[in-house]
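# Close look at the chain arrangement
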Amino acid sequence: MRQHHYKTTIEWTGNTGRGTADYRAYERSHIAKIEGKPGIDLSSDPAFRGDRTRHNPEELFVASIASCHMLWYLHLCTEAGVVVLEYQDRASGTMEETDNGSGRFTEIILYPVVKVSDESMLQKANELHHKAHEYCFIANSCNFPIRHEPVSTI
């Protein structure tokens, strides 16, 4: 079995001079760096004292699932002779906090809207979302439901 390894560097940039002296003393700002690629400015969700102008890990988690699904879907469409002209997904995720302040995702819903080149491809285009879900590396790593509500058009 082949293995793939991924590396990233997370650098906290939110020390305002007092470090983590107390909960309000520091910013949640940080940068995700991957060698040879531009950094991604991150923070926590604004509900947790984060900077709303930066991405947060929860948003990126939802985006990674939607992205992985799309990439598998496009690949499977190519193999099945379904010509995709446009693809957009407005994915959403629900996370719930637990009594101890922790939390977990309880569901992610993908809403892909796909434009195909011919009416004869519509049914297959919709069916391939199920197979893409089965193959998605990220979805296969999750322990909560990921639903799909696709719409295909010509």
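This text gives an overview of the structure that appears in the document. Owing to the predicted nature of the structure, the values given are computational and were not obtained by experimental measurement.

Attention shifts here to the pattern of salt bridges. Scanning all chains against the criterion turns up seven salt bridges. Ionic pairing is found between D51 and R54, a salt bridge with its closest N-O pair at 3.9 Å. A single network of salt bridges, built from pairs that share partners, joins E107, R147 and E149.

With that out of the way, let us pick up the sheet that holds strand β8 (residues 146–148). The strand order across the open sheet built from three strands is β5-β6-β8, with neighbouring strands paired in mixed fashion. Since the sheet does not close on itself, it has two edges, and those belong to β5 (92–97) and β8, each with one partner. With direction set aside, neighbouring strand axes in the sheet form an average angle of 15°. By the bridge criterion, six bridges tie β5 to strand β6 (residues 103–110) in an arrangement that is antiparallel. Bridge pairing in β6 links T94 to E107. Against the sheet, helix α1 (residues 57–80) touches β5, β6 and β8, its axis set at about 40° to β6.

Now for the packing of aromatic side chains. Throughout the structure, instances matching the rule amount to seven aromatic pairs. A ring pair is formed by W72 and F137, whose centres lie 5.6 Å apart and whose planes are at 80°; its orientation type is edge-to-face. Taken together, the positions of W72 in helix α1 and F137 in the loop between α2 (122–135) and β8 put the pair 65 residues apart, joining distant regions of the chain. An aromatic cluster of three or more residues is present, and its members are F61, F105 and F144. Directly above the aromatic system of Y23 lies the positively charged group of R28, at a separation of 4.4 Å from the ring centroid. Between R28 and the ring centre of Y26, over which it is positioned, the NZ or CZ distance is 3.9 Å.

What counts, and at which threshold
Residues numbered from 1 in each chain as written. Predicted model: local features only at pLDDT ≥ 70, side-chain atom pairs only at ≥ 80, totals over all residues. Heavy atoms only, no water. Salt bridge = Lys/Arg side-chain N within 4 Å of Asp/Glu carboxyl O. Pairing = 2+ DSSP bridges. Helix = DSSP H or I, 4+ residues; strand = E, 2+ residues; numbered from the N terminus. Axes fitted to C-alpha atoms, helices over the stretch in contact; angles between N-to-C directions. Contact = heavy atoms within 4.5 Å. Phe/Tyr/Trp six-rings, centres within 6.5 Å; stacked < 30°, edge-to-face > 60°. Lys NZ or Arg CZ within 6 Å of the ring centre and 35° of its normal.

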